[in-house]
Amino acid sequence: MRILFLCIFTILLFTACSNKKEVHPNKDIIEIHKNDISESEEDFDDEFSNEEEDLDPLKYYNQAMTQFNDVLYTYALSPVATTYSDVIHKDVRGIVSNFFSNLMFPIRFVNNVLQFKFQEAGEETGRFLINSTIGFLGLFDPASEGFDLQAHKEDFGQTLGYWGVGSGFHIVLPIFGPSNVRDLIGFSVDGILDPTFSMEKKSWKIPDNLEKSIALKTLDTVNTTSFKLGQYENLKKDAIDLYPFLKEIYEQKRIHEIKE
Amino acid sequence: MKILLKTIFILLALNLSLQAIEEGKIQEVMKTQIDSILLVMQNKELDKKTTANKVFTLLDSIFDYKTMSKISLGRNWKKLSLEQKDAFAKSFEKKLKFSYMDKLDLYTDEKVLIKELRKKKKNRIQLYTDLLGKDASFEIIYKFHKNKKNDWLIYDVKIIGVSIIQTYRKQFSAYLKNNSLEALINSL
């Protein structure tokens, strides 16, 4: 024990000494001078953008909708998802999540292809075939566990971005939250490919009217939220002003997703 | 014995952190720093405050709070007096630290993978890391700049594409359009 302490002491002493050794007074002065020049050139403005540069024609509507969504989340979605997660076992919720995620295959497949990500599109096809059969209609995910095939999330908003379409101004959607012109168009196009959403009877779509579509979407949303409880509240604490905060996070995240 | 070893490790890490970070050592120093932060966070015997203080000490040696404050205010920074700059920098540093501490609460047994170092300019380096969780992994990029003393320090962190400082910058400039700096400092 004593030896151990002695060792630590020696090591600490040694590193402390080695710190001092690195100081060469003359060299320091020279380097400070040299770096004064580079420091004054140093400008962070090209890396960071300013608020004035943003086009935000729907600012007041967006602010109001952000407040509405915040209340909706806090007093409806979050408590419902909390109760849901207390009642339904995590494994069952995982199955629900797998089922919905497997159904979204057409959206991911088409958008991977449209972005010329053929390998990813191939992996998605493999996943869909494996999970729909061995995985009991997508209830389980043997593709990622046994075959190492991962999902590649792409949506039409990302595809448009990939093609060079700009985001347009920011739009906060009721319930769905932050979006922009480009992603709203993308969202509508993806809806056509979404098997869990349909207003009328179609052979490959599950619901045949709006009510059933809403019911399915609600289950999907509550189930997804049950895995993310507390995250929004935690994130919100960092906000000085909720609307620009969420807007900025959304837009930056989308740019990142498009680049990927 | 285990606790003792942990303490030694933290002490060593702290000692190492007191040294200036040289360019060639960024990866190595960050690996040690992140590992010790994780070690502190995984130690369930410590209360939240002790954990936070230990983590803050580790962060202090690698974060350049002053530069972060400056960038986050953008054009408004130049309009401030020295006292105002100081007051703002102090409360912004506190805000960043407390928000970081809040995030510790979400911490379960994640692991950090240091991927690569990319030199963007002669005085800018980005360190790419992955935070590996149970279900998903997040990319975290630490952005370093070289300061006057030739040390490399972090001036921004990007989490899955979202720059922390950029997000504050947008909020601050929006806020300062209608409010005073004193009000901003109070809201931090």
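Here the structure is a predicted model, which means the values were calculated and not measured.

Caption draft 1: How the structure looks around the overall build of chain B. Regarding its fold elements, chain B presents 7 helices and 5 strands. In sequence order, the secondary structure elements of chain B are arranged as α-α-α-α-α-β-β-β-β-β-α-α. A buried classification covers 52% of the 188 residues belonging to chain B. Counting contacts in chain B only where the partners sit at least 6 residues apart, residues at least 24 apart contribute 49% of the total. For chain B, the accessible area works out to roughly 9,500 Å², and carbon and sulfur atoms hold 56% of it.

Caption draft 2: Up close: the environment of Lys25(B). Mapping Lys25(B) onto the fold places it in the loop between α1 (2-17) and α2 (26-42). Residues Lys25(B) and Trp152(B), 127 residues apart in the sequence, show an inter-C-alpha distance of 9.5 Å.

Caption draft 3: Main features of the nonpolar core. In this structure, Met30(B), Leu73(B), Phe88(B), Tyr142(B), Phe144(B), Ile154(B) and Leu184(B) are the most contacted members of the largest nonpolar core, which totals 48 residues. Take this core: its biggest share by element is 8 residues, from α2(B). Contact partners of Leu184(B), with chain neighbours within four places excluded, come to Ile240(A), Leu73(B), Phe88(B), Phe172(B), Tyr175(B) and Leu176(B). By size, the runner-up hydrophobic cluster in this structure holds 8 residues, among which are Ala239(A), Phe245(A), Leu246(A) and Val162(B).

Caption draft 4: Local environment of helix α10 (residues 210-226) of chain A. Residues and elements named next belong to chain A. Compared with the 24 Å implied by 1.5 Å per residue over 17 residues, the 24 Å span of α10 between its first and last C-alpha is a close match. Regarding α10, the residues found buried are Ser213, Leu216, Asp220, Val222, Asn223, Thr225 and Ser226. Capping of α10 at its N-terminal end is provided by asparagine 209; its side-chain oxygen lies 3.3 Å from the backbone amide nitrogen of glutamate 211.

Caption draft 5: Structural context of the packing of helix α12 (residues 242-259) of chain A against helix α6 (residues 164-178) of chain B. Following both chains from N to C, one finds α12(A) and α6(B) inclined at 140°, their axes separated by 9 Å at the closest point. By the criterion of interaxial angle, the relationship of α12(A) to α6(B) is oblique. Relative to α6(B), α12(A) is oriented so that their crossing is right-handed. Only Gln166(B), Thr167(B), Lys170(B) and Gln171(B) of α6(B) make contact with α12(A), whose side of the interface consists of Pro244(A), Phe245(A), Glu248(A), Ile249(A) and Gln252(A). When the residues that make up the contact of α12(A) with α6(B) are grouped by side-chain class, the tally is 3 nonpolar, 4 polar and 2 charged.

Caption draft 6: Just unusual backbone geometry, in detail. Residue and element names in this part refer to chain A. You will see that aspartate 148, though not glycine, has its phi angle at about 55°, which is positive. Of note, aspartate 148 is situated in the loop between α7 (142-146) and α8 (156-162). Look at aspartate 148 and you get exposed, because its relative accessible area is 58%. One non-glycine residue with positive phi stands out, namely isoleucine 175, at about 70°. Turning to its location among the elements, isoleucine 175 is positioned in the loop between β1 (170-173) and β2 (177-180).

Caption draft 7: Up close: the side chain of Ser226(A). Residue and element names in this part refer to chain A. Position of serine 226 relative to the elements: it lies in helix α10. Residue classification places serine 226 among the buried residues on the basis of a relative accessible area of 7%. Polar contacts involving the side chain of serine 226 include one to the main-chain carbonyl oxygen of asparagine 223, which spans 2.6 Å. Excluding residues that lie within four positions of it along the chain, serine 226 makes contacts with Ala81, Tyr84, Ser85 and Arg93.

Caption draft 8: Representation of the confidence of the model for chain B within the structure. Of the residues in chain B, 86% have a pLDDT of 70 or more, and the chain-wide mean is 83. Two summary scores accompany this predicted model of the complex, namely pTM at 0.81 and ipTM at 0.81.

Caption draft 9: Representation of the packing of aromatic side chains within the structure. One pass over the structure, following the stated rule, counts 16 aromatic pairs over all chains. Taken together, a centroid distance of 4.3 Å and an interplanar angle of 10° make the contact between Phe105(A) and Phe128(A) stacked. Remark: Phe128(A) occurs in helix α6 (residues 118-133) and Phe105(A) occurs in helix α5 (residues 105-114); sequence separation between them is 23 residues. Arranged with centres 4.9 Å apart and planes meeting at 65°, the rings of Phe176(A) and Phe187(A) form a pair that is edge-to-face. Of this pair, Phe176(A) sits in the loop between β1 and β2 while Phe187(A) sits in helix α9 (residues 181-193), and the two are 11 residues apart along the sequence. Phe176(A) gets classed as exposed once you look at its relative accessible area, which sits at 54%. In this structure Phe187(A) comes out as partly exposed when scored by relative accessible area, which is 43%. Among the aromatic residues, those joined into a cluster by ring pairs are Phe88(B), Phe92(B), Tyr168(B) and Phe172(B). One residue, Arg124(B), lies across the ring of Tyr155(B), its end atom 5.4 Å from the ring centre.

Caption draft 10: Up close: the packing of helix α3 (residues 59-87) of chain A against α10(A). All names here are of chain A. For the pair α3 and α10, interaxial distance at closest approach is 8 Å and the crossing angle is 75°. The angle between the axes of α3 and α10 places the two elements in the roughly perpendicular class. Across from Tyr73, Leu77, Val80, Ala81, Tyr84 and Ser85 in α3, the residues of α10 making contact are Leu219, Thr221, Val222, Asn223, Thr225 and Ser226. In the contact of α3 with α10, the residues fall into 7 nonpolar, 5 polar and no charged.

Cut-offs and rules
- Residues numbered from 1 in each chain as written.
- Chains lettered and ligands numbered in written order.
- Predicted model: local features only at pLDDT ≥ 70, side-chain atom pairs only at ≥ 80, totals over all residues.
- Heavy atoms only, no water.
- Helix = DSSP H or I, 4+ residues; strand = E, 2+ residues; numbered from the N terminus.
- Buried < 20%, exposed > 50% of the residue type's maximum accessible area, 1.4 Å probe, protein only.
- Contact = heavy atoms within 4.5 Å.
- Areas by Shrake-Rupley, 256 points an atom, 1.4 Å probe, with all protein chains shown as cover.
- Core = buried A, V, L, I, M, F, W, Y, C linked by side-chain atoms within 4.5 Å.
- Expected span 1.5 Å × (residues − 1).
- Polar contact = N/O pair within 3.5 Å; in protein donor to acceptor, adjacent residues only side chain to side chain.
- Axes fitted to C-alpha atoms, helices over the stretch in contact; angles between N-to-C directions.
- Parallel < 35°, antiparallel > 145°, perpendicular 65-115°, else oblique.
- Left-handed = near helix turned anticlockwise from the far one by under 90°.
- Nonpolar A, V, L, I, M, F, W, Y, C, P; charged D, E, K, R; others polar.
- pLDDT = per-residue confidence, 0-100.
- Phe/Tyr/Trp six-rings, centres within 6.5 Å; stacked < 30°, edge-to-face > 60°.
- Lys NZ or Arg CZ within 6 Å of the ring centre and 35° of its normal.

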